[in-house]
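Residues per chain are reported as follows:
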Amino acid sequence: MAEHARFSVATGVPVYFCDPHSPRQRGSNENINGLLRQYFPRSTDFRAATQSDLHAVAAELNDRPRQTLKRKSPCQALDQALR
């Protein structure tokens, strides 16, 4: 975490942190981490993962219904919000 600025500059990937005193943000983060661990166990070497692999996992997770979205998938909720 101490090197987040250097990481962002080197990769072009922004790093986000939860707001202080906002446990609801951390809970969501931990939930997503748990979902990702179903596809990528702790021992995963991401150098072997292709962009296609990552897109496939993202698509599957974005199509998965969530209780916090009233049983809609994130894709459905975003589509509804943009209408």
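Presented here is a report on the structure given in the accompanying data block. Since the structure is predicted, the reported quantities are computational estimates derived from the model, not experimental observations.

## Observations concerning the environment of Gln25
Here is step 1: Here Gln25 shows up in helix α2 (residues 23–39).
Here is step 2: When the C-alpha positions of Gln25 and Ala5 are compared, they lie 21 Å apart, and in sequence the two are 20 residues distant.
Here is step 3: If sequence neighbours within four positions are ignored, Gln25 has contacts with Cys18 and Asp19.
Here is step 4: A distance of 2.6 Å separates the side chain of Gln25 from the backbone nitrogen of Asp19, its partner in a polar contact.

## A few points about the side chain of Arg66
Here is step 1: Mapped onto the elements, Arg66 comes out in the loop between α3 (51–62) and α4 (74–82).
Here is step 2: For the buried Arg66, which has no salt bridge, the nearest side chain bearing the opposite charge is Asp63, at an N-O separation of 9.2 Å.
Here is step 3: When near neighbours in sequence (up to four residues on either side) are disregarded, Arg66 contacts Ile32, Leu35, Leu61, Arg71, Lys72 and Pro74.

## A short note on the packing of aromatic side chains
Here is step 1: This model, assessed by the stated rule, comprises 1 aromatic pair.
Here is step 2: Arranged with centres 5.1 Å apart and planes meeting at 50°, the rings of Phe40 and Phe46 form a pair that is tilted.
Here is step 3: Judged by its relative accessible area of 12%, Phe40 falls in the buried class.

## Description of the pattern of salt bridges
Here is step 1: In this structure the tally under the stated criterion is 3 salt bridges.
Here is step 2: With a shortest N-O distance of 2.5 Å, Arg83 and Asp79 are connected by a salt bridge.

## A word on unusual backbone geometry
Here is step 1: Residues other than glycine seldom take positive phi values, yet His21 does so here, at roughly 60°.
Here is step 2: The backbone of Arg71 sits at a positive phi, close to 65°, despite the residue not being glycine.
Here is step 3: With respect to the secondary-structure elements, Arg71 resides in the loop between α3 and α4.
Here is step 4: Overall, the relative accessible area of 54% leaves Arg71 in the exposed class.

Conventions used here
Residues numbered from 1 in each chain as written. Predicted model: local features only at pLDDT ≥ 70, side-chain atom pairs only at ≥ 80, totals over all residues. Heavy atoms only, no water. Helix = DSSP H or I, 4+ residues; strand = E, 2+ residues; numbered from the N terminus. Contact = heavy atoms within 4.5 Å. Polar contact = N/O pair within 3.5 Å; in protein donor to acceptor, adjacent residues only side chain to side chain. Buried < 20%, exposed > 50% of the residue type's maximum accessible area, 1.4 Å probe, protein only. Lys, Arg positive; Asp, Glu negative; His and termini not counted. Salt bridge = Lys/Arg side-chain N within 4 Å of Asp/Glu carboxyl O. Phe/Tyr/Trp six-rings, centres within 6.5 Å; stacked < 30°, edge-to-face > 60°.

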